[in-house]
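Residue-level structural notes
One letter stands for each residue in the lines below.
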Amino acid sequence: MPSYTAPVNDIQFVLHALLKASAQDIPGYDELEADFTAAVLEEAGKIAGNVLAPLNAVGDAEGCVLENGVVRTPSGFKDAFEQMKQGGWTALDCDPEYGGQGMPVLLGTAVGELFSGANQAFTMYQGLTHGAYSAIHAHGTDAQKAKWLPKMVSCEWTGTMNLTEPHCGTDLGLMRTKAVPQEDGSYRISGQKIFISAGDHDMSENVVHLVLAKIPGGPEGIKGVSLFIVPKFLVDDEGNIGARNGVSVGKLEEKMGIHGNSTCVMNYDEAEGYLLGQEHKGMRAMFTMMNEARLGVAMQGMAQAEAAYQNAVIYAKDRLQGRAVTGAENPDGPADPLIVHPDIRRNLLDQKSFVEGARAFMLWGAYLLDKSHRSGDAEAEGLISLLTPVLKGFLTDRGLDMTVQAQQVYGGHGYIEEWGMSQFVRDARITQIYEGANGVQALDLVGRKLAADGGKHVMGFFELVKGFIKENEGDEALKKDFLEPLKSASKDLQAAGMFFMQNGMKNPNAALAGSYDFMHLFGHVCLGLMWARMAKAATEALASGEGNASFYETKLATGRYYMARQLPATKMHLARIESGAAPVMDLAAEAF
Ligand SMILES: Cc1cc2nc3c(=O)[nH]c(=O)nc-3n(C[C@H](O)[C@H](O)[C@H](O)COP(=O)(O)OP(=O)(O)OC[C@H]3O[C@@H](n4cnc5c(N)ncnc54)[C@H](O)[C@@H]3O)c2cc1C
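Cut-offs used in this document
Residues numbered from 1 in each chain as written. Predicted model: local features only at pLDDT ≥ 70, side-chain atom pairs only at ≥ 80, totals over all residues. Heavy atoms only, no water. UniProt positions renumbered as here; feature names shortened; annotations may be inferred. Helix = DSSP H or I, 4+ residues; strand = E, 2+ residues; numbered from the N terminus. Contact = heavy atoms within 4.5 Å. Near = heavy atom within 4 Å. Polar contact = N/O pair within 3.5 Å; in protein donor to acceptor, adjacent residues only side chain to side chain. Areas by Shrake-Rupley, 256 points an atom, 1.4 Å probe, with all protein chains shown as cover. Nonpolar A, V, L, I, M, F, W, Y, C, P; charged D, E, K, R; others polar. Axes fitted to C-alpha atoms, helices over the stretch in contact; angles between N-to-C directions. Parallel < 35°, antiparallel > 145°, perpendicular 65-115°, else oblique. Disulfide = S-S within 2.5 Å. Buried < 20%, exposed > 50% of the residue type's maximum accessible area, 1.4 Å probe, protein only.

You'll find the chain entered in an unreviewed UniProt entry as Acyl-CoA dehydrogenase C-terminal domain-containing protein, with Tropicimonas aquimaris given as the organism. What the UniProt record of the chain gives under Sequence similarities (unreviewed entry) is the line "Belongs to the acyl-CoA dehydrogenase family." Entered under Cofactor (unreviewed entry) in the UniProt record, the comment concerning the chain runs "FAD".

Set out below in structure tokens:
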């Protein structure tokens, strides 16, 4: 069975050497001293490695079961959830006013990677609750917040997000679920939602569903959608649980992965619901928490890649096959370990350089979210809004690719369930789909985010890259291995943006045909920037003579690999983008 070890040193490197967290002028960041974050990560790592990881395969094999209208989670999930609650982990980055610990999203994301890497299906119960918590926190009245949030912070009550219906997932304007106003100010919600993660289970007293629905007589399409709080059990003003609401589980979906998470068809039959935020402004309410939710899915993608990589390394050092072409490296054994072979090393370095770069990108994204929310920094808000589809699309696509590469290291054994590598692939696959399928992320990036505020944020990103290169040009080693490749990749990104500007207006298909490549091109430039910045941090740490020199040298070598072997992908993406609409659009639909 696969194992999981919390990559505490790598996370600490990003938090402190790269982001210099405790020195940042953001409320709450002064608490993020290296000793403190190390202690938190070590503790979280123990739960991840000792409690959650052993349940990963159990959840996969057993799945969830619907019994008498109630979902039963796999063996051990309930106890583990209790440990998470008792340890206060569900409250880590929640508002202290409602029982949270008030830690920044940065620390919440770092810890989230450990839990998710150890057991994605399990961690989703808390993740969905956090999403619903954030929406109520941002849009609820004081009375709603006081009523729902404390129990959601502690996860005594969990939460869900109900958007999808059988006939609409991306195009939510087609939604049919309706909400009829009542004289007492509540609404009666009727309709069906599908694919609802953590829709029901046996680990909490109540489930607080956030449901998108249309109030009859409201505007057509997406402009007529409102958001409602619809609990499984009604709750009185003193917070006591009362009668069962008109919400039921129609069925549990059988699916490719994340078997330990219940994916439910939810039926709403005149269920009592309460408007959250303003009438017809449901999508706006959802969007305010979208950046955080999408960062969470990006994190899942990279976390599965990390977990799969760890196991691939163990296998590559253990499995004896063939001899090194340059002479036996294990002469006393029947063969050399896989890791001597250049192609296996290529495979592992693809994974290692992706995972470490992706982690830096993800934590930088969390830092930008904190800067925007806690410091009200408009520039950070614009930048994270631009980068969110890149984080979600690129980290989950490449994250999945890396789980496949890790599986490949195992040869045929990777395909056999007993080894557990197939679960990483199956679990990672959903990250490309939910929270907005990746094609739609690319559409959002090119169709909306690029031109937002007159292109100010993408220009800001280019300035940031340019500024970093200029500032560090005096360092010859950094220049050759990191700054020059970054400059070249960044030029590719600018050229792609220019192509869209020159062609997109007269032919929108020219921009949209290249949107997916643009998302990946952008993702590579972001990882290139992260590696250049990490290389600088590692060089400085080496020069200081403090810490573990081989850790920093490894960082530099891994970064050089990314710059030399992965970053050139920007050229291919640019070529595809510049081929325009014709190769994609010329074929008539009936020719497919
Ligand atoms: C396991 C699982 C858990 C889920 N959890 C939840 C949950 O908790 N809550 C919830 O509300 N939903 C959830 N979902 C639903 C998920 O978010 C949707 O499946 C997803 O948003 C895509 O919607 P769809 O399936 O209707 O696909 P469609 O919208 O039909 O899209 C199909 C394909 O077409 C592409 N596409 C669509 N429109 C365009 C366009 N204009 N241009 C280019 N390409 C386009 C999409 O990228 C996609 O690849 C879950 C789904 C699964 C499988």
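With respect to the environment of N261
Assignment of secondary structure puts N261 in the loop between β10 (247-252) and β11 (263-276). Along the sequence, N261 and G59 sit 202 residues apart, while their C-alpha atoms lie 8.0 Å from each other. In this structure, N261 is in contact with C64, A121, M124, Y125, S197, A198 and K255, ignoring residues within four places of it in sequence.

Section: the site of the ligand
Surveying the vicinity of the ligand reveals 19 residues, the closest of which are M161, L163, T164, T170 and F195. Within the backbone of M161, an N or O atom sits 2.7 Å from a nitrogen atom of the ligand. In this structure, T170 approaches the ligand through a side-chain N or O atom, which is 2.5 Å from an oxygen atom. Coverage of the ligand by the protein amounts to 62% of the 980 Å² it exposes when considered alone. Those elements that provide at least two residues to the shell around the ligand are β3 (157-162), β5 (187-197) and α12 (438-449). Among the elements that make up the shell around the ligand, the one with the highest residue count is β5 (three residues). Looking at the shell around the ligand residue by residue, the class counts come to 11 nonpolar, six polar and two charged.

Some words on the packing of helix α10 (residues 378-409) against helix α16 (residues 515-544)
The contact between α10 and α16 brings their axes to 9 Å, and the two run at 90°. One finds that α10 runs roughly perpendicular with respect to α16. Touching L386, L387, P389, V390, G393, F394, L395, D397 and R398 of α10 are Y516, M519, H520, F522, G523, H524, C526 and L527, all from α16. Its residues placed into classes, the contact of α10 with α16 shows 11 nonpolar, four polar and two charged.

Brief notes about the state of the cysteines
Counted by the stated rule, this structure contains zero disulfides. This cysteine, C168, is not joined by any disulfide, and C264 carries the nearest cysteine sulfur, 18 Å off. Lacking any disulfide linkage, C264 is separated from the closest cysteine sulfur, that of C64, by 7.8 Å. Since its relative accessible area comes to 0%, C264 is described here as buried.

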